[in-house]
Structures are given as C-alpha cells and as structure tokens.
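Chain and residue survey
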Amino acid sequence: MSHQKQKTPILLILSFSLFAHLLSPCNCECKFGASGTKIQGMMVFGSSLVDNGNNNFIEKTKAKANYLPYGVDYVRGPSGRFTNGKNVIDLIGEKLKLPQIPTFKDPETKGSCIVHGVNFASGGSGILDETGAVSGEVMSLNEQIRNLENVTLPELEVQLGCNAKEALGNYLFVVGSGGNDFSLNYFLNFPNNNATLPDFISKLINALSHQIQRLYDLGARKFVVMSLYPNGCSPMVRARIPIPMPDCVQTINVPLRLYNNNLRSLVDEMTQKMPGSKLVYVNVYKIIRDIIRTPTQHDFNDTRHSCCELTTIKEGGTETLCKTGGNVCSMRSKYVWFDGLHPTEAVNVVLANKAFASDLQDEVYPTNVKNLAEQ
C-alpha cells in the first residue's frame, strides 16, 4: 500500500505536466540558419520544375527523370530532378542553410526527416486537376495540399510538439505550378477550347487563389510564388513550330506573360486578403528571357538547343524528355535548356540567386526571398 502511495504523486505530476503542455502555446524553437533567417524549413508545391523525385514513386506516370542523363552532375546521379544537377528548390534551400528537403512519396519521409519541410511537387501536374491526365498518374496541386493536410501536418505536430498553425509560420511555402495547365491543357486542346484565353487565365488564377488560401488557413504565412517560364523559347516548342533565329514563339509566350501579370497582381490581392501573410513573386519568365536575349552577359552560349538527346515523336516521345541513356553535351554550364523544356543547373543557379537576393522589383516583387525569410 505504501508503495502505491509513493507512485501516485509522481503520476499526478506527470499528468499535470502533459496537460499543461497541451494547453500551452507552441514552444518549439525555430532553428535559425547561419544566414540569420527565421525559416525552419520549406514546403514545396508544383510541377517538374520543382519536383525533387516524387514521381519516382508513382508507377503509372509518364513524367519521370530517374535515368541518365538526368542527374549526370548530381551527387547521387538520377534522382527524379528534371535537370542535370540541382534544381531551383535545392539551391534556394542551400541559401537558407536548410538540409535537403525530402520528397513526400519517399517511404523514408517520416519522423524527424520532415521537420525541415517536405517537397510535394509532381512532374506533369497542374493547378487544375484535369491537367495531369495526359501524363498518367500525377499529383495535382489540390492533391499535394491534401497530402500536406492529411498526412504531413499531423506527423509534424508530433515532431515539433506544437500546433501546426503556430509551427507553419516559420516555414517557406514555395508554389511553382501552372505551366502544364497551358502546355498539357489549354494549348493541347487549342483551338477547340471551351474557354477563351482570358477566361482560362481567370479560371487558373481563381483556383490558385483558393489553393493559397487553403495553405494560409492551415497556418502558412510566408509564400514564394514562381511565375511561368518562357516556354515559347524552349527546344520542344521550337521543334514543333520552327521559327527564324533568335526569336521565341510569341503565340506561346504571350499567353504565359498575360498569366504572369495576373499572378503578380494576385500577390497584392492575397496579401490584403490574408492578414499577417507575406508573399513574394519571382519573375522566372523575365530572368530566363534576359539570359536568352543576352547569353554572353550571363556566361551562356546556347539558348536554343537541348543539352541532352531527346526522345523524338517518331520514337514515341514528345521532344520533351531526354532519351534514356542518350547523348549529353559536355559544356552543360553553357546551355540554357537541359532537355526540351527544363533548364540546366546553371540556369537554376541564376534563378536561385535572383530569387534570393535581387533588388529589382521586375525580378522579385515586392521583395526578395532573403528579406522575406528575415521578417
């Protein structure tokens, strides 16, 4: 009996401590990077331009980059990144002094591995659920957000010991989606689209605004929104619509610019609509377009051709992805495009540098990622 009496106070103390912890505000400490930023990690959403390998774990998808020459310059070889080395997410993460962000679909992405964020992006996906249909099974932006809410957040709360809405304010939410909604949806169905271009752009912007709002409601406060790339300058488009040098295909680029203008305006709109939020728009379109217009100033010399050998239409491809085990250029740092649509690591370095530290509002608006991270 006396033994039982000795145990009771200890149990009461432990129970009270646990109860008090559950009632107390978030007490997890943000891990400040060496750069002095307040960013705990990154949550990444989008398509192949920011996919770090999720599609490797999706069996029924055509959008994969898990074979050479993809990853020819990456430390672990082919990883599912649609480039020769690192993509823009890797490079921005390095600038924030973060460890590598794991992919959602990887079975190892659990437990303490998720405390610095998760990459939910899926190559071939879009803002609209129907966009990814031609790529087989991919994770749309809506599905990516559901994966965050239903799978990652409950586990993250356990790891951090605090409510998700309090914890997520210390994470950077990067959204890089929309290109496939044009290339694999609007342009693919042209001229038999049911919607006019302004109507389609309005549909995309409206859908994206709701998706950003959903992330905000979950606790996100710091957003980086990537513009669409100048896909009318890509080798894939130029192969299908031959034009004289050095022009890009304006019938492709003009709609993308119109969308980007609306996306930039959305940043202001959502900032007003979501109290306490901060959004940064990265004008990837302009940054790459500037490289293409004045390549030597940026230390590039090939703006038209893919660095890797592409799988042709005759071979069952789309002039977009590298041929498995195909030839690859030797001077990869001099090429803008690695395959028919995705940039080289060298271009991704420029993008990350500009996104992180540019002072030009026509490149980053209303501020850069470094300033956003320090706020």
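All chains use their own residue numbering, which begins from 1 and follows the written sequence. pLDDT decides what is reported in this predicted model: residues at 70 or higher carry local features, side-chain atom pairs at 80 or more are listed and counted, and totals for whole chains, interfaces and linings draw on all residues regardless. Excluding hydrogens and water, the side-chain figures rest on all heavy atoms present in the structure.

Filter applied, for reference: UniProt positions are given in the numbering used here, feature names are shortened, and annotations may be inferred rather than shown by experiment.
The protein is annotated in an unreviewed UniProt entry as Gdsl esteraselipase of Nicotiana attenuata. The UniProt entry for the protein carries this comment under Subcellular location (unreviewed entry): "Secreted".

**Considering the overall build of the protein**
What counts is decided by this rule: Helical segments are the DSSP runs of H or I of at least four residues, strand segments are the runs of E of at least two, and each set is numbered from the N terminus. Each residue gets one of three labels from its accessible area relative to the maximum for its type: buried under 20%, exposed over 50%, partly exposed in between, using a 1.4 Å probe on protein chains only. Residue contacts are counted whenever heavy atoms from the two residues lie within 4.5 Å of one another. Residue exposure ignores everything except the shown protein chains as possible cover, and the areas themselves are Shrake-Rupley values with a 1.4 Å probe.
When its secondary structure is counted, the protein shows 11 helices and eight strands. Burial analysis of the protein (375 residues in total) assigns 55% to the buried set. Pairs at least 24 apart in sequence give 71% of the contacts found in the protein among residues at least 6 apart. When the accessible area of the protein is evaluated, it comes to approximately 16,900 Å², of which 54% is carbon and sulfur surface.

**Focus on empty space enclosed by the protein**
Space left empty within the atom packing is revealed by a probe, the size of a water molecule, rolled over the atoms. Here is the rule: In this analysis, the protein atoms alone were mapped onto a 1 Å grid. Cavities are point sets where a 1.4 Å probe fits without being able to get out; pockets are open sets with protein on both sides within 12 Å along at least five of seven lines; lining residues have an atom within 4 Å of a point. Grid points are joined across faces, edges and corners, and a volume is the space filled by probe spheres set on the points. Amino acids are sorted into nonpolar (Ala, Val, Leu, Ile, Met, Phe, Trp, Tyr, Cys and Pro), charged (Asp, Glu, Lys and Arg) and polar (every other residue, Gly among them).
Summed over the entire model, instances satisfying the criterion amount to three cavities of 30 Å³ or more. Of the voids in this model, the largest cavity is the one considered here, and its volume is about 190 Å³. Lining the largest cavity are 17 residues, and of these Ser-47, Leu-49, Gly-176, Gly-179 and Tyr-229 sit closest to its centre. Among the residues making up the lining of the largest cavity, the classes are represented as seven nonpolar, 10 polar and no charged. Size it by volume and the second largest cavity reaches roughly 60 Å³. Lining the second largest cavity, in full, are Ser-48, Leu-49, Phe-82, Thr-83, Asn-87, Tyr-229, His-342, Pro-343 and Asn-348.

**Points about the pairing of strand β6 (residues 302–306)**
As a reminder, the rule being used: Pairing between strands requires that DSSP locate at least two bridges from one strand to the other.
The buried count for β6 comes to four of five residues, which makes it a mostly enclosed element. Bridge count between β6 and strand β7 (residues 335–337): two bridges; the pairing is parallel. If you follow Ser-306 over to β7, its bridge partner there is Trp-337.

**Things to note about the layout of surface pockets**
Within this model, the largest pocket holds a volume of roughly 940 Å³. In terms of lining, the largest pocket is formed by 36 residues, of which the most central are Ser-183, Leu-184, Met-236, Thr-318 and Thr-320. Sorting the residues of the lining of the largest pocket by element identifies α5 (179–189), α7 (235–240) and α8 (250–273) as the ones contributing at least two each. Of all the elements, α5 adds the most residues to the lining of the largest pocket, at eight residues.

**Let's talk about the packing of α5 against helix α6 (residues 197–218)**
Put simply, the rule reads: Only the stretch in contact is used when fitting a helix axis, every axis being a line fitted to C-alpha atoms; angles between N-to-C directions are given from 0 to 180 degrees. Angles below 35 degrees are treated as roughly parallel, those above 145 as roughly antiparallel, those between 65 and 115 as roughly perpendicular, and all remaining angles as oblique. Left-handed is the label given to a crossing in which the near helix is rotated counterclockwise from the far helix by less than a right angle, and right-handed is the label when the rotation is clockwise.
Packing of α5 against α6 leaves a shortest axis separation of 12 Å and a crossing angle of 135°. The angle between the axes of α5 and α6 places the two elements in the oblique class. The hand of the α5/α6 crossing is right-handed. For the pair formed by α5 and α6, the contact residues are Asp-181, Phe-182, Asn-185 and Tyr-186 on the first element and Leu-197, Phe-200, Ile-201 and Leu-204 on the second. By residue class, the composition of the contact of α5 with α6 is six nonpolar, one polar and one charged.

**Section: the environment of Leu-68**
Within the element layout of this structure, Leu-68 appears in the loop between β1 (41–46) and α2 (88–95). Under the relative-accessibility criterion, Leu-68 is labelled partly exposed at 46%. For the pair Leu-68 and Cys-322, spaced 254 residues apart in sequence, the C-alpha separation works out to 8.3 Å. When near neighbours in sequence (up to four residues on either side) are disregarded, Leu-68 contacts Pro-78, Lys-323, Thr-324, Gly-325 and Gly-326.

**A short note on the packing of aromatic side chains**
Note on aromatic pairs: each is described by the distance of the centres and the angle between the planes. Note the following rule: Under the pairing criterion, centres of Phe, Tyr and Trp rings, with the six-membered ring standing for Trp, must be within 6.5 Å; the plane angle then separates stacked pairs below 30 degrees from edge-to-face pairs above 60, leaving the rest tilted. Charge-over-ring contacts are defined here by two conditions on Lys NZ or Arg CZ: a distance within 6 Å of the ring centre and an angle within 35 degrees of the ring normal.
Following the criterion strictly, the structure yields 13 aromatic pairs and no others. Here the aromatic rings of Phe-182 and Tyr-259 are separated by 5.8 Å at their centres, their planes lie at 75°, and the arrangement is edge-to-face. One end of the pair, Phe-182, is in helix α5; the other, Tyr-259, is in helix α8, and 77 residues separate them in sequence. We classify Phe-182 as buried; its relative accessible area is 0%. Since its relative accessible area comes to 0%, Tyr-259 is described here as buried. Arranged with centres 5.8 Å apart and planes meeting at 65°, the rings of Tyr-186 and Phe-187 form a pair that is edge-to-face. Its guanidinium or amino end placed over the ring of Tyr-216, Arg-221 lies 3.9 Å from that ring's centre, counting from NZ or CZ. Of note, Arg-264 hangs over the ring of Tyr-365, and the distance from its end group to the ring centre comes to 3.7 Å.

**Focus: the environment of Leu-321**
Inspection of the secondary structure puts Leu-321 in the loop between β6 and β7. Taking the C-alpha atoms as reference points, Leu-321 and Thr-83, separated by 238 residues in sequence, lie 10.0 Å from one another. Each residue touching Leu-321, except ones within four places of it in the same chain, is listed here: Lys-62, Lys-64, Tyr-67, Tyr-70, Phe-82, Glu-309, Leu-310, Thr-311, Asp-339 and His-342.

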